[in-house]
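Notes for the structure review
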Amino acid sequence: MEETFGNYSVIGKAMPRVDARAKVTGEAKYAADIELPGMLWGQIKRSPYAHARILNIDTSKAEELPGVKAVTTGKDFNGFKWGWSGPTRDEEPFATTKVRYQYEGVAAVAAISEDIAEEACDLIEVEYEPLPGVFDPFEAMKEGAPLVHDNRPGNICVEYHWTFGDVDKAFAESHLVREDIFQTPRMAKGYLETPAVVAYWPGPDRLVFQGAKGSPYFPYRILARCFNLPLSNVRVIQPFIGSDFGGTKNDMTHCDFAAPMLAKKTGRPVKLVYTQFDTLTTDLRRHPMWITIKTGVTKDGILKATYVKAIADGGAYTRMSPLTMFLTGTCMTLPYELPNFKFDAYNYFTNNPSSAAMRGHGLYHSRFAADVQLDMMAEELGLDPVEIRLRNAIENPEPGKVYETINGVHMATCGVKECIEKVAEATNWEEKRKTKKVEGHKSYGIGFSAATYNGGTKLSAHNACAAIVRVCEDGSINYLTGASDVGQGSDTVCCAIAAEVLGVGLEDIDIKRVDTAFTPVDPGSYGSRVTVLAGQAAMNAAEDAKRQLVEVAAQQFSVTPEEVEIKNRQVFVKSNPQRNMPWERLVRIACYETPGKVIIGRGYSTQGITILGLADLSKGVGDIGTNYSFTAQAAEVEVDVETGVVKCTDNSVIAHDCGFPLNPPAVETQVQGGSYHQGVSAALYEEFKMDQGQTLNPNLIDYMRPRAYEAPMTKVLHVVTNDPYGPFGAKEASEGSCCSAPPALINAIYDATGVWIKDLPAQPEKVFWALKAQKEKKQRKK
Amino acid sequence: MIGDFEYFAPKTVDEAIALLSKYKGEAKIIAGGQSMLVVMKRGLLTTEYLIDIKGIAALDYIKYDEGEGLRIGALTIHRAIEKSPIIQKHFRVLSEMEQNLATIQTRNWGTIGGNLCHGDPAGDPAPVLIALNAKLKLAGSGGERIIEVEEFSKDYLEVALEPDEMLTEIQVPTPLSHTGIACEKLMVMKGDMGVVGAAVSITLSPKDGVCKDARIVLSNCASVPLRARGAEKKLIGKVLNDSLLVEAGEVASTEASPPVDVHGSAEYRQEMVKVFVRRAATKALERAKAA
Ligand SMILES: Cc1cc2nc3c(=O)[nH]c(=O)nc-3n(C[C@H](O)[C@H](O)[C@H](O)COP(=O)(O)OP(=O)(O)OC[C@H]3O[C@@H](n4cnc5c(N)ncnc54)[C@H](O)[C@@H]3O)c2cc1C
């Protein structure tokens with residue numbers, strides 16, 4: 001039997017995903033599937049240099065090639081620049097004066113076929129003056145280093161300095177103080193669907209854009225500004241999205257500017273589809289970071305203070321780096337109580353492809369460092385890893401109370417203790433930890449970790465999600481939202497929430513893809529915000545529609561509206577359920593009684609903002625999340641001590657506090673995917689290798705991403721905390737598990753071998769030399 | 001990307017050879033395309049004429065006769081070799097090699113002939129076939145010829161095929177009695193190309209247990225599959241024990257000149273040659289003793 005949660009009709013139990021049928025039958029159309037009459041193919045001309053001045057671009061030969069219909073360069077955009085926020089607009093659609101990373105776009109072509117477009121790109125002659133570059137933050141910070149942006153001295157992209165409490169005093173009073181440096185590499189997001197777009201102009205000042213964008217209202221706003229159009233004339237129609245994981249599918253790529261511009265020039269639809277090579281060389285990557293972390297604890301292992309210095313490689317443009325660095329810092333005060341905290345963050349421009357958000361955004365780096373260091377300290381103190389976590393874990397606040405961290409982060413629910421306890425019990429932790437397993441050249445170990453992530457992320461400016469519930473006269477329902485399901489399952493939970501509130505079934509609700517001409521504006525799919533905020537919008541819209549119907553029912557039954565209830569498609573009087581009518585009948589009466597009603601429920605989210613306000617990124621105070629998920633994880637590894645090859649075994653358990661699992665199997669699979677595909681994979685396999693700005697492994701053979709063979713079948717346990725700020729108690733699911741896997745694995749490798757791998761990923765060669773050094777050290781001691 | 005080419009799909013070896021002779025040097029054979037397409041998509045290879053031989057049904061077979069040994073048609077897919085009961089019974093090492101060659105999807109389409117003709121020194125089949133003393137049958141406009149697998153690889157992605165020739169058959173002799181053969185490779189994930197690999201064949205004298213013959217072949221340690229002859233010498237003529245096998249690995253490591261790439265440094269690979277020669281040799285010795 002499937003586990004069910006709460007006493008509900010629709011939510012809290014397994015439900016089929018509303019998009020499942022379309023996806024398995026192939027009915028679902030992705031951007032690359034779109035074909036339109038007269039459509040042209042676009043292609044991008046890219047720079048071979050990582051840093052060079054552009055002296056001249058000659059497009060004449062390309063224009064003369066038969067079949068070429070238009071060529072565009074950055075000049076056509078009249079100095080337009082864009083960025084993640086107003087003050088950080090530092091990027092042009094195509095570089096005009098200088099390229100800042102290898103394969104940055106400098107021009108684009110539209111032609112009658114892909115091959116001709118590609119040939120035409122080869123015919124574009126660009127004269128460059130190569131410039132010396134900076135390829136990591138340590139080069140970038142040097143006195144006199146070449147500048148990536150002439151107006152950004154020192155190549156500093158983002159810098160934060162926060163102090164909460166008195167860390168120096170706390171370190172002086174600590175029994176044990178440790179400082180370590182941890183490193184996380186640049187990583188690919190891992191979506192199967194590469195960027196793709198089709199754009200056309202149905203009228204001289206009307207743009208239609210169908211792109212693989214997880215946050216369609218980003219291009220809606222950016223393209224309106226770029227082409228000087230009223231927002232009402234920018235129509236972004238959302239195709240199905242082949243997953244996202246942050247960054248590229250929120251932000252713009254060269255193809256997102258090329259298609260509209262080339263379509264404008266030719267008067268025909270233009271399509272561009274990135275190859276896997278384009279994606280792996282130019283799409284946004286996870287930031288490489290160097291985390292220096294200093295922590296002081298009492299002799300009982302109670303955390304007294306943490307100082308973190310985070311140095312990041314931001315790449316060529318700012319993109320979301322201000323948010324990344326904020327998230328890297330803010331989470332240091334949870335899931336454990338921390339009375340004193342200091343944070344210095346430095347994010348540098350380099351001549352590498354830009355870095356940006358990736359699942360587990362920011363927290364992933366520093367929580368990895370902190371949770372591995374916690375194990376190191378536990379060992380020095382002779383404490384068990386589970387015990388030290390339990391001693392420091394934030395308690396679940398009493399109902400009605402809110403816990404506040406030293407940097408002003410608030411939470412009404414915190415299930416981390418329960419998560420830790422559940423995982424310890426499910427893995428038989430103490431026993432397991434004691435039994436050292438060595439079989440031939442294989443050594444086994446188990447590691448523990450705990451993590452957190454913000455759900456319902458809110459940034460400055462527009463934050464509300466909205467929904468429209470349109471009740472049709474036969475009782476069926478159209479659900480309209482601006483929130484995007486990029487594969488995470490949010491369409492299903494939003495429909496389920498609406499169905500639960502209205503008292504109908506999931507199958508009664510039909511959800512449309514986002515179309516900015518019809519759906520309400522939405523911030524986007526990032527920061528685990530959709531279920532929490534679009535979910536609240538679903539609730540509010542459904543309640544609005546229900547209120548309108550209940551009024552009609554009350555008249556029919558001659559009772560007050562408060563006395564009417566709708567459940568399982570039956571409308572009845574609460575005190576006398578015999579007095580009832582079917583849902584369809586109520587809807588028909590409402591719509592057909594002269595003059596007839598049009599039942600449209602509308603709602604938007606208010607949660608989080610109204611209660612707790614917004615975070616101040618530069619000061620590091622306040623809430624970025626509406627609420628916070630918690631995770632504990634134990635992972636077992638098998639280490640081949642002769643080769644350094646590490647595998648994560650099936651003996652891995654995660655407990656996840658997502659508040660309330662609206663669709664439990666979706667939570668479980670998201671948690672497994674987050675923990676395995678982007679957690680285990682980050683710990684053991686994935687890394688872009690670079691040489692002077694050039695990506696050395698831009699294909700999926702050399703950029704190692706594990707397959708099903710390597711997937712541990714992690715067990716997922718639910719911890720239900722019913723968060724008051726989430727719809728039906730929900731928080732976020734699975735970004736937390738993306739953050740808990742790397743420390744659990746690194747701690748497990750230590751348990752198996754006695755070697756600490758502080759820079760991810762623990763690829764075989766790295767582990768091999770570390771084991772060899774350890775062996776030699778032991779021999780010297782003897 | 002891949003560019004334009006004229007496409008042919010001959011149904012017989014003669015037709016294929018006629019096309020090869022006609023377009024001498026301008027034509028390229030494609031079998032499963034599992035290696036070719038990767039190279040073509042990266043723009044490293046273009047061709048005017050593409051001869052798709054996948055439809056030559058006569059080259060898809062596995063035959064066994066104790067005297068003649070094993071015959072595998074060049075178009076036999078990896079998965080067929082992996083799953084063949086004959087091979088599992090008499091040439092188990094070939095089936096084991098196939099189990100870790102790429103993913104099931106690739107094994108279901110890629111052919112043994114294509115693998116050998118691709119000439120990748122990191123490929124798995126050639127070292128095992130060299131350890132097995134196998135030969136290749138090549139057919140061309142001048143008729144057929146037989147060549148040792150060991151002689152076939154000339155350089156990185158270069159094999160001893162004339163422009164009008166194709167590979168038709170792999171011939172594996174029945175091993176001498178008291179022979180054990182095994183292969184091992186370093187994979188980070190199952191089905192990866194080996195970071196390094198070793199195939200080892202050990203033949204013992206039934207009288208005194210002395211090692212009569214040893215063949216040690218390394219993958220991804222040179223521009224072609226590499227016979228570690230120095231390491232073989234360490235073993236031949238001796239009664240084998242663990243420390244001799246360790247020594248053989250150490251000698252093989254000095255014979256190897258592995259590449260440096262994103263999957264490992266030369267130093268690491270050299271260390272790994274020690275491990276994988278020892279592991280394969282240990283298994284081969286066990287098997288020789290049991291045979
Ligand atoms: C993801 C992936 C993983 C892989 N992993 C491994 C691995 O772990 N180990 C390993 O050994 N290989 C591996 N490979 C390589 C691959 O499996 C083989 O090289 C492949 O099976 C070649 O067979 P094919 O029929 O596809 O040859 P094709 O790609 O069609 O041809 C390869 C070359 O051989 C030539 N050719 C083909 N047949 C003949 C013939 N009969 N006569 C003359 N010339 C011919 C072609 O002209 C071409 O030059 C991997 C490939 C992929 C895509």
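Cut-offs and rules
Residues numbered from 1 in each chain as written. Chains lettered and ligands numbered in written order. Predicted model: local features only at pLDDT ≥ 70, side-chain atom pairs only at ≥ 80, totals over all residues. Heavy atoms only, no water. Helix = DSSP H or I, 4+ residues; strand = E, 2+ residues; numbered from the N terminus. Contact = heavy atoms within 4.5 Å. Near = heavy atom within 4 Å. Polar contact = N/O pair within 3.5 Å; in protein donor to acceptor, adjacent residues only side chain to side chain. Areas by Shrake-Rupley, 256 points an atom, 1.4 Å probe, with all protein chains shown as cover. Nonpolar A, V, L, I, M, F, W, Y, C, P; charged D, E, K, R; others polar. Domains from an automatic or database assignment. Buried area = accessible area lost by both parts, 1.4 Å probe. Salt bridge = Lys/Arg side-chain N within 4 Å of Asp/Glu carboxyl O. Pairing = 2+ DSSP bridges. Axes fitted to C-alpha atoms, helices over the stretch in contact; angles between N-to-C directions.

**Brief notes about the environment of Gly230 of chain B**
- Locating Gly230 of chain B in the fold gives a position in helix α10 (residues 229–235).
- Residues contacting Gly230 of chain B, with those up to four places away along its chain left out, are Val251 and Glu255 of chain B.

**Concerning the site of the ligand**
Residues and elements named next belong to chain B.
- Around the ligand sit 32 residues, and of these Ile29, Gly32, Gly33, Ser35 and Thr111 come closest.
- Backbone polar atom of Gly32 to an oxygen atom of the ligand: 2.6 Å apart, as the coordinates give it.
- With respect to the ligand, the backbone of Gly33 contributes an N or O atom lying 2.6 Å from an oxygen atom.
- Calculation on the ligand without its partners gives an accessible area of 980 Å², and the protein chains cover 91% of this total.
- Broken down by secondary-structure element, the contributors of at least two residues to the shell around the ligand are β2 (27–30), α7 (112–118) and β10 (166–172).
- The dominant element in the shell around the ligand, judged by the number of residues it contributes, is α7, at 4 residues.
- Its residues assigned to classes, the shell around the ligand shows 14 nonpolar, 14 polar and 4 charged.

**Structural notes on the domain arrangement of chain B**
All names here are of chain B.
- Split into domains, chain B comes out as domain 1 (6–52), domain 2 (57–172) and domain 3 (179–290).
- The gap between the C-alpha centroids of domain 2 and domain 3 is 21 Å.
- Listed as interface residues are 25 residues of domain 2 and, on the opposing side, 24 residues of domain 3.
- Carbon and sulfur atoms make up 58% of the surface buried where domain 2 meets domain 3, a total of about 2,000 Å² over both sides.
- Interface area lost by domain 2 to domain 3 is led by Asn100, Pro121 and Ala131, which between them contribute 26%.
- Counting every contact that joins domain 2 to domain 3 gives 5 salt bridges.
- Taking the shortest distance from any N to any O, the salt bridge between Arg227 and Glu150 comes out at 2.9 Å.

**Describing the sheet that holds strand β21 (residues 477–481) of chain A**
Residue and element names in this part refer to chain A.
- Read from one edge of the open sheet, 4 strands run β22-β21-β20-β26, paired in mixed fashion. Of all the strands in the sheet, the pair left with one neighbour each is β22 (509–511) and β26 (600–604). Between one strand axis and the next, the sheet turns by 20° as a mean value, whatever way the strands run.
- Relative to β21, strand β20 (residues 466–471) is paired through 5 bridges, and the arrangement is antiparallel. The partner of Ile468 across the bridge, within β21, is Leu480.
- Helix α15 (residues 530–557) rests against β20, β21 and β26 of the sheet, and its axis sits at about 145° to β26.

**Looking at unusual backbone geometry**
All names here are of chain A.
- For the peptide bond that leads from Leu334 to Pro335, omega is 10°, which places it in the cis range.
- Backbone torsion omega between Leu760 and Pro761 reads -10°, so that peptide bond is classified as cis.
- In this structure, Pro761 sits in the loop between α19 (735–753) and α20 (764–781).
- For Asn78, which is not glycine, the phi dihedral falls at a positive 50°.

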